[in-house]
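An overview of the molecular structure
Here's the letter readout for the chains.
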Amino acid sequence: MSEAGVSEVEVSEVEISEVSRAQVRPQALPCSAVVLIALDFDGTLAPLGDDPMAVQMVPGARELLDGVANHPSRWLALVSGRPADDLVLLSRAPHGTLIAASHGAQRGHVTAMGLVLDPIVLSPEESALLAHVEADLAAIAARFPGVRVESKPLARVLHTRLAGASDAELASAAALAGPGSLAGVHTLVGKSVVEIAVRAVTKADGVAWARDQVANAAGVSASEVVVVFAGDDTTDEHALASLSAGDHGIKVGDGPTAAGTIVADEHEAVAYVSALVL
């Protein structure tokens, strides 16, 4: 049996808070508050696109990232399923940004010289299991036009966005029933993706790591750091469900959620977060 992460089925089982659809500007957080602004990228700062390397952030997102980076009591983290290099390239993440990429598996920060990542070392058993997963997913992708496999340090990802609806459903089902059911794997199901990892890690882990980094830098306890997290996908629900009282969870788009606030799209997400933290 695999140890599944958030899947399309399991999201409805996350405890859903009373949510409000944002229609007015939120009250800005005090300038003196130590705040971590942790943001997903695709579907939150930039719209989803068929070519993942061609997407561009919506108007206002650049100003939000730079404004947070230049604020004396605000810290920025990008928490995304994307590989770290792609995330930093597309966001043009400012100096000082914390990076929790590949759903929190890749962790590091942006310096004046570029991205610095903590090393990831796989055990021989993890390497062998990852090779097995990759071979199985490659065989599935070969059967369905428009399906591709992406490599991440701890996972392989089946992408079905460019496949027809029937092929996408069949390919995803094959991935879950095949490599997704191997002993020792951890599966995440998101929008048009099935990610199969050899180590348990979610965006909640990435947010917790970023909170600790901010606490250490600010000289406060982790409980004193206010987290603002925004995301759109089922894979963001782990992070949203992990937030504490006093934090702010923002769901972008429709669907069951543990967030306290829902916004309609990326434009509303950027406007809402900007008003809250700047």
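Since this is a predicted model, take the numbers as computed values, not measurements. Numbering of residues starts from 1 in each chain and follows the order in which that chain's sequence is written. Local features in a predicted model are, by the rule used here, given only for residues with pLDDT of at least 70; side-chain atom pairs are given and counted only at 80 or more, and totals for whole chains, interfaces and linings are based on all residues. Based on all heavy atoms of the structure, the side-chain values leave hydrogens and waters out of the count.

**Quick notes on the overall build of the chain**
As a reminder, the rule being used: To qualify as a helix, a DSSP run of H or I must reach at least 4 residues; to qualify as a strand, a run of E must reach at least 2; elements of each kind are numbered from the N terminus. In this description the radius of gyration comes from C-alpha coordinates, and the expected globular size is given by 2.2 Å times residues to the power 0.38. Accessibility here uses a 1.4 Å probe with only protein chains present; expressed as a share of the type maximum, an area under 20% marks a residue as buried, one over 50% as exposed, and anything in between as partly exposed. Pairs of residues are marked as contacts when any of their non-hydrogen atoms sit within 4.5 Å.
Each helix and strand counted, the chain has seven helices and 13 strands in total. Its C-alpha radius of gyration of 18 Å places the chain within 12% of the 19 Å reference for a compact globule of 278 residues. When the backbone C-alpha atoms are referred to their principal axes, the chain occupies close to 55 × 40 × 35 Å. Going through the 278 residues of the chain one by one, you find that 53% of them count as buried. Considering only contacts in the chain between residues 6 or more positions apart, those separated by 24 or more positions represent 59%.

**Some thoughts on the sheet that holds strand β9 (residues 186–190)**
Quick reminder of the rule: In this analysis, strands are considered paired if DSSP registers two or more bridges between them. To obtain each axis, a line is fitted to C-alpha atoms, and for helices this fit is confined to the stretch in contact; angles are then taken between N-to-C directions over 0 to 180 degrees.
Read across the open sheet, the four strands follow the order β7-β8-β10-β9; overall the sheet is antiparallel. For this open sheet the edge positions go to β7 (148–151) and β9, each flanked by a neighbour on one side alone. Along the sheet, successive strands turn relative to each other by an average axial angle of 20°, direction set aside. The pairing of β7 with strand β8 (residues 155–159) spans four bridges and is classified as antiparallel. Bridge pairing in β8 places Ser151 opposite Arg156. Contacts from helix α4 (residues 165–177) reach β8, β9 and β10 (193–197) within the one sheet, and its direction differs from that of β10 by about 15°.

**Quick look at the confidence of the model for the chain**
Note the cut-off: Per-residue confidence from the prediction method is given by pLDDT, with values spanning 0 to 100.
On average, residues of the chain carry a pLDDT of 92, and 91% of them reach 70 or more. Here residues 1–18 scores under 50 on pLDDT; set against residues more than four positions off or in separate chains, the count is 44 contacts.

**Some words on α4**
Stated formally: To estimate how far a helix should reach, multiply one less than its number of residues by 1.5 Å. An arc is given here, and it is the one of the directions from the helix axis to the C-beta atoms.
If you check α4, its first and last C-alpha atoms are 18 Å apart, about what 13 residues at 1.5 Å a residue would give, namely 18 Å. Among all positions in α4, only Ala168, Ala171, Ser172, Ala174 and Ala175 are buried. Across the axial projection of α4, the buried residues extend over an arc of 160°, all falling on one side. Of the exposed residues in α4, those oriented more than 90 degrees away from the buried face are Ala165, Glu169 and Ala177. Contact partners of the buried residues in α4: α3 (124–143), β8 and β10.

**Some words on the pairing of strand β2 (residues 35–39)**
Which entries qualify depends on this criterion: The path from the first strand over the helix to the second decides the hand: if it runs clockwise while the strands point away from the viewer, the crossover is right-handed.
The buried count for β2 comes to five of five residues, which makes it a mostly enclosed element. Residues Val35, Ile37 and Leu39 point to one face of β2 and Leu36 and Ala38 to the other, with burial holding for every one of them. For β2 and strand β3 (residues 74–79), the ladder comprises five bridges, and the chain directions are parallel. Bridge pairing links Val35 to Arg74 in β3. Since β2 and β3 lie parallel, the crossover through helix α1 (residues 61–69) that links them has a hand, and here it is right-handed. In this structure, β2 lies alongside strand β11 (residues 226–231), joined through five bridges in parallel fashion. Residue pairing in the sheet places Leu36 in a bridge with Val227 of β11.

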